[in-house]
Structure formats: structure tokens, C-alpha cells
Amino acid sequence: MSLCGYSLRIRFFAFLCIGLSVLGILIGSYCGDRYCSRTDLKASWIASMSENSRSFVNSLEFNSNEALLNVFDVENVNFSIKGNDVMVFLHIQKTGGTQFGRHLVKDLDLERPCACEHERKRCDCLRPGKNREIWLFSRFSVGWKCGLHADWTELTECVDRKLNQVVGKRSKRRYYYVTFLRDPLSRFLSEFRHVQRGATWKNSKHSCDRRSPTEIELPRCYDGERWTNVTLENFMSCPYNLAINRQTRMLADLKLVGCYNMSAMSKTQRDRIVLASAKLNLSNMPFLGLTEKQQMSQYIFERTFKMKFLVPFEQHNVTVSSQTLKLISEREKKMVLELNNLDVELYEYALKLFNYRFSKLKSLDTDFEAHYQNIISSNGQNFTWDSLYDEDADA
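Every residue gets a number counted from 1 within its own chain, in the order that chain's sequence is written. Only residues with pLDDT of at least 70 are given local features in this predicted model, and only at 80 or more are side-chain atom pairs given and counted; all residues enter the totals for whole chains, interfaces and linings. Each side-chain value is worked out from all heavy atoms of the structure, with water and hydrogens disregarded.

Engineer: Quick question: what am I supposed to make of the overall build of the protein chain here?
Structural biologist: Here a strand is any run of E in DSSP of at least two residues, a helix any run of H or I of at least four, and the numbering for each starts at the N terminus. Helix and strand content of the protein chain: 14 helices and 6 strands. For the exposure calls, accessible area comes from a 1.4 Å probe over protein chains only, and a residue counts as buried if that area is under 20% of its type's maximum, exposed if over 50%, partly exposed in between. In the protein chain, buried positions account for 56% of the 395 residues. Partitioning the intrachain contacts of the protein chain with sequence separation of at least 6 by distance along the chain shows that 76% fall at a separation of at least 24. Carbon and sulfur atoms provide 51% of the accessible area of the protein chain, an area that totals close to 18600 Å². It only takes one pair of heavy atoms within 4.5 Å for two residues to be counted as in contact. We get accessible surface area from the Shrake-Rupley algorithm with a probe of 1.4 Å; when it comes to residues, only the shown protein chains can shield them.

Engineer: Any chance you could explain the packing of aromatic side chains here in plain terms?
Structural biologist: Two aromatic rings are characterised by how far apart their centres lie and by the angle between their planes. Ring pairs are drawn from Phe, Tyr and Trp, using the six-membered ring of Trp, whenever the two centres fall within 6.5 Å, and their geometry is named by plane angle: stacked under 30 degrees, edge-to-face over 60, tilted for the rest. Applying the stated criterion across every chain yields a total of 24 aromatic pairs. Considering the side-chain rings of F79 and W135, the 6.4 Å spacing of their centres and the 70° angle between planes classify their relative orientation as edge-to-face. Placement of the pair is F79 in the loop between α2 (42-62) and β1 (85-90) and W135 in the loop between β3 (123-124) and β4 (136-137), with a sequence separation of 56 residues. Of the two residues, F79 and W135, neither departs from the other in class, the shared state being buried. Put simply, the rings of F79, F89, F100, W135, Y176, F180, F287, F301, F305, F309 and F313 pair up and form one aromatic cluster. We count a charge as sitting over a ring when the NZ of a lysine or the CZ of an arginine lies within 6 Å of the ring centre and within 35 degrees of the ring normal. The positively charged end of R246 is found above the aromatic ring belonging to W201, 5.6 Å away from the centroid.

Engineer: Just to check I follow, could you spell out the pattern of salt bridges for this structure?
Structural biologist: We define a salt bridge as a contact between a side-chain nitrogen of Lys or Arg and a carboxyl oxygen of Asp or Glu at a distance within 4 Å. One pass over the structure, following the stated rule, counts 19 salt bridges. A salt bridge links K255 to E157, with the shortest nitrogen-to-oxygen separation between them at 3.7 Å. Of this pair, K255 sits in the loop between α8 (246-251) and α9 (267-283) while E157 is found in helix α5 (residues 152-167), placing the two residues 98 residues apart along the sequence. Judged by relative accessible area, K255 falls into the buried class, the value being 15%.

Engineer: Honestly, α5 in this entry has me stumped. Any pointers?
Structural biologist: Residues lying three or four places apart along an α-helix face the same way, a consequence of the helix completing one turn every 3.6 residues. Under the convention used throughout, the expected extent of a helix is 1.5 Å for every residue step, that is, one less than its residue count. Counted at 1.5 Å a residue, the expected span for α5 with its 16 residues is 22 Å, and the 22 Å between its end C-alpha atoms agrees. Next to the buried residues of α5 lie β1, β4, β5 (174-181), α8 and α9. Polar contacts, as counted here, are pairs of nitrogen or oxygen atoms within 3.5 Å of one another; within protein the pair requires one atom able to donate a hydrogen and one able to accept it, and residues that are adjacent in sequence qualify only if both atoms are side-chain atoms. Backbone nitrogen of T153 and a side-chain oxygen of the N-cap are separated by 3.2 Å at the start of α5; the cap is D151. At the exit of α5 stands G168, carrying a positive phi of roughly 90°.

Engineer: Would you mind going over the pairing of strand β6 (residues 287-290) with me for this structure?
Structural biologist: A regular strand carries its side chains on alternate faces of the sheet. The side-chain alternation of β6 yields two buried faces, one formed by F287 and G289 and the other by L288 and L290. Two strands make a pair as long as DSSP finds a minimum of two bridges between them. With 4 bridges joining them, β5 and β6 adopt parallel strand pairing. Its bridge partner being in β6, F180 is matched across the sheet by G289.

Engineer: Explanation requested: the sheet that holds β1 in the structure shown.
Structural biologist: In sheet architecture, strand pairing relies on hydrogen bonds along the backbone and comes in two forms, parallel and antiparallel. Here 4 strands make up an open sheet; going across it, the order is β4-β1-β5-β6 and the pairing parallel. The open sheet terminates on both sides in strands that have one partner only, identified here as β4 and β6. The axes used here are C-alpha line fits, helices contributing only the stretch in contact, and every angle between their N-to-C directions lies in the interval 0 to 180 degrees. Against the sheet, helix α10 (residues 294-305) contacts β1, β5 and β6, and its axis sits at roughly 165° relative to β6.

Engineer: Would you mind going over the state of the cysteines with me for this structure?
Structural biologist: By definition, a disulfide links two cysteine residues through a covalent bond between their sulfur atoms. A pair of sulfur atoms, both from cysteines and within 2.5 Å, is called a disulfide here. All chains considered together, the criterion is met by 5 disulfides. Shown here is the disulfide that connects C114 with C125, its sulfur atoms set 2.1 Å apart. Every disulfide takes its handedness from the sign of the S-S torsion; for C114 and C125 that torsion is 115°, giving right-handed. One end of the pair, C114, is in the loop between α3 (97-106) and β2 (115-116); the other, C125, is in the loop between β3 and β4, with 11 residues separating them in the sequence. Across the pair, exposure class does not vary: C114 and C125 are buried alike. Two residues share a disulfide in this structure: C221 and C238, whose sulfurs sit 2.0 Å from each other. Around the S-S axis, the bridge from C221 to C238 shows a dihedral of about -80° and counts as left-handed. Pair noted here: C221 is in the loop between α6 (184-196) and α7 (232-237) and C238 is in the loop between α7 and α8, with a separation of 17 residues, a long-range link. Owing to a relative accessible area of 10%, C238 belongs among the buried residues under this scheme.

Engineer: In this structure, what is going on with the side chain of S207? I would like to understand it.
Structural biologist: Within the secondary structure, S207 is located in the loop between α6 and α7. When near neighbours in sequence (up to four residues on either side) are disregarded, S207 contacts T153, E154, E157 and S212.

Quick look at the structure:
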């Protein structure tokens, strides 16, 4: 069967899962209790959802992920900054997202650059000729409108509604999601050190199906205000620590697994569905950047969106996490990787997707050498990814 056939089959199962989720919401609307669909209807709804989710997962595994590579046609992205298109940045913690977010609002060569005032943390990224229309939905353009470090589930439920409020009217828009991923070992250790220093992200909503999880569904890992000076062993031992497999969780449609209700299905089944959903959603994003491949990430973004950065991305290999790596044993490294097994598999797939897109765009670029040389030879601003540790803390 052709790649096109595989892609259609995958989309069919994805739409089937989404349709079942919508059906569950519609049925639940007949109940007086707002949580009816998660209690009284739980058994039948979850059973139906789980059966079709298994088909969805089996379809992806049958195709060995290869069919997903070409789900989104990066060579024909038609992002219209003057039309109704909106770029949505899904910012996963400790992936270099703070600096990438700044690149988006400060360094793009645009007809109407984002207006950034020194006293404000946000910039006005308006369309040319329109004084209320926003083309970028990110932390530095609108703030954390959908919650601190909102994930895919939160953003897809929230962005359209929030933009209607900001603009003051309903509009039909096309949304282009972009994100950055990072090597799971480095990312996990970076978050560990970040939490050691006092970060909590306690203001995150973790909203799913339009509600936040209860304390029973998502207990805290520590007492008091912060988890300062936590040991790596304790950081890894809390089963409710959202740092574990964070990238997979934040890219998946959590409604497929009953949100944060861990009793909805077995852990094995939940993990398979979350990972498959994350891969599919990642495949449908027009841009995926990798922290370890800054220059290639810049090239892919510029060629995909037909935009150019005035300040190039820079690669820095000495980070807080790299220093931490020197202080932990091989046994501890192995434990971190085993604990983050979903992120490890997702990153392996992301690397394959990233290289596939780079090669495809390169093959279509008749002046590739000049374009890429311009990126790697430019003198950019100096920064290090982990020096920005206080930027995200409890924002």
C-alpha cells in the first residue's frame, strides 16, 4: 500500500477516536452533573473509546511509523500572515522554548514586525493592515492565555475561544502548531535541576475536557510551597511527577485516555495510546525543532513558513543538564531513560521525522548551499538555553 493510503488510514482512525470523544461529550450534556460523563457513563464510554483507541494504536504500529512521516506536506505549507492563519507555539519545559519564543517575536524579518516594548514581557504581533488581528499565539505574544505551559489538549480546547475574546469577534482560522523537543535524558535532568532551584509551575492548569484534574487524580509530589533541593532519587520516585515522559504527555490528546483518570484503563494500554497520539499530533505539526540541532531547525522553519530570522539560532552544548550528567552514575542515567521510555521512543521518532523533513526541503532548494551557509556563518546573539531558568518559574 502507498504512503498516501497509509496516511488516509491513519487519519480515518484518528477522526474515529475524535468522533467518539465528541459523542461522549454530547451524551454527557444530558446529565445535570457536570462530571456525569466521567462517572455514571464511565464504564460504557471508556470501553467504547478503548476499543477504537486500540485500533488506532494498532494501525500506527502496523505501519512502523513510516507512514506518519509524510502526513503533513511541509513543502506546501501556505501560512498566510495577512489572512486568517495563526501560528501556535506549544512550549514544553526545558526544551529551549524561551529563546525560540523570543526569536519568533523579536527576530523575524516581517512586513509588520511584532511591537515589543521594553517594560512589557509581551509583544503585539499583529497582521499587516489589521490592528486587532493576531497571527502568533505564544507566551511572548499573548501570555499564558490557556494556562502556564499549556499542552496540546489544553491548547486545542482553548486557543480559538481565547483569540475570539482578544479580537472581540468570532473568526474562522487555520492553526499551525509548532514545537521544540529535546533529548529526554538532558531534558529530564534540566527540569530536575530547575525544580531543585525552586521552580514548581504550580500555576499550570492541566485542563482536559474543560476541567483540571482533582487532587486525587493528580496528587502533589511534595509538601510545602516548593520541592527545593530534592534528590534525583526522590524526583524519580514520585509516580505523579509530570516531568516523567513530559514531552509525550504534552503532545498527546489526553481525552483519548480519560484525561488524568488513571483508572480508565491499564497503564500499558494508556502508555500505548498516549505515545501513538503524540506521534500523530507531532506528524501533523508543520514545524518541529530539536534543541540539539539549532541550525537545521532554523533552516526547516524558514523554508517551511517562507520567513527569515534576522538573528540566527545558536548551538550551545554546555548546559546545566550536561554538567549534571557528569555528576550522576551510569546506573542513574539508565534509570532516567527507563523511566522516560515513552519520551525516548517519541524522540527517536521525532529525530526521524526531523531528518526526513530536512532532507525533503533540502532536495527542493536549488540554492541550498548558500541558504544554509548563511545560517551557520552568521554571528548571532550569545545565549545559553539553561541560563534562562528563572524565566518560566511560576510565571
